[in-house]
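Architecture at a glance
Here are the chains, one letter per residue:
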Amino acid sequence: MTDFAQKLTETERERRWPNVKPRDAATLIILDRTGTVPKVLMGKRHMGHKFMPRKFVFPGGGIEPGDRRMNVAGPLAEVVEAKLMARNARGTAARARALGLAAIRETFEETGILIGVDDMGTPENPPEGAWAAFAAHGVYPALDRLHFIARAITPPRRPKRFDAAFFAVDMGEIVGRVEGIVHEDAELTELVWVPIDEAQKLELPTITSVVLQELEARLVAGFGHFLPVPFYYERNRTWVREEL
């Protein structure tokens, strides 16, 4: 067992809920590599949330129908698409695309940040809701800017289960921001840029701490698309780390 998997295994939690199928979900880590020490953007969840209150997290959430229909400026890199499809009976190119779009949409909804390109005009016929609001700013989401850095499946009998893809993108891909999204009554009550090692001192979900360590190692290794992507899941109440 790797050190990362050991850390997850040692965090035993109550399992009194009925087992449910994990929901496809995606998370986006925004990186600031302009200084000598890389920083990540993290948000603090509202204290009133039943799920992970007060925890510092990356923006993210489940796939929604519109994520399968939104037009994009650039597709996922081929190797990223292949890794997103690997080790999954439902691993299709359409699902991989939707995961990338979910990460960008959730980031917009929770932080107001727009990731994409703003020199292609306004996207035509965007899905209603968040994507229509995104498109109104004259931005196309750009999947080719995303790095796939980790995958993790929530263990059985937890209150919420996700099959989550963790993406990362450089802050230079931010083309706009809607103000007033983050406030004391919102899903995220504050946003902070924090060095990766200092982020470990925040109140984090265990998987977030592990992914931060994976991200740090990936940056040292060059941050290329062809690097292996860790895949965490539980087998016989023990966390397993594979590579995609």
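This report concerns the structure included in the present document. (Residues numbered from 1 in each chain as written. Predicted model: local features only at pLDDT ≥ 70, side-chain atom pairs only at ≥ 80, totals over all residues. Heavy atoms only, no water.)

The next point concerns the environment of Thr-27. Within the fold, Thr-27 resides in strand S1 (residues 23–32). Its relative accessible area of 11% is what places Thr-27 among the buried residues. A C-alpha to C-alpha distance of 8.7 Å links Thr-27 and Leu-99, two positions 72 residues apart in sequence. Those residues in contact with Thr-27 that lie beyond four places of it in its chain are Phe-58, Pro-59, Gly-60, Ala-103, Ala-165, Phe-166 and Phe-167. (Helix = DSSP H or I, 4+ residues; strand = E, 2+ residues; numbered from the N terminus. Buried < 20%, exposed > 50% of the residue type's maximum accessible area, 1.4 Å probe, protein only. Contact = heavy atoms within 4.5 Å.)

Enumeration over the complete set of coordinates arrives at 15 salt bridges. Note that Arg-105 and Glu-64 form a salt bridge whose closest N and O atoms lie 3.7 Å from each other. Residue Arg-105 is located in helix H3 (residues 93–111), and its partner Glu-64 is located in the loop between strand S4 (60–62) and helix H2 (78–85); the two are separated by 41 residues in the primary sequence. Between Arg-241 and Glu-214 there is a salt bridge whose closest N-O contact spans 2.7 Å. (Salt bridge = Lys/Arg side-chain N within 4 Å of Asp/Glu carboxyl O.)

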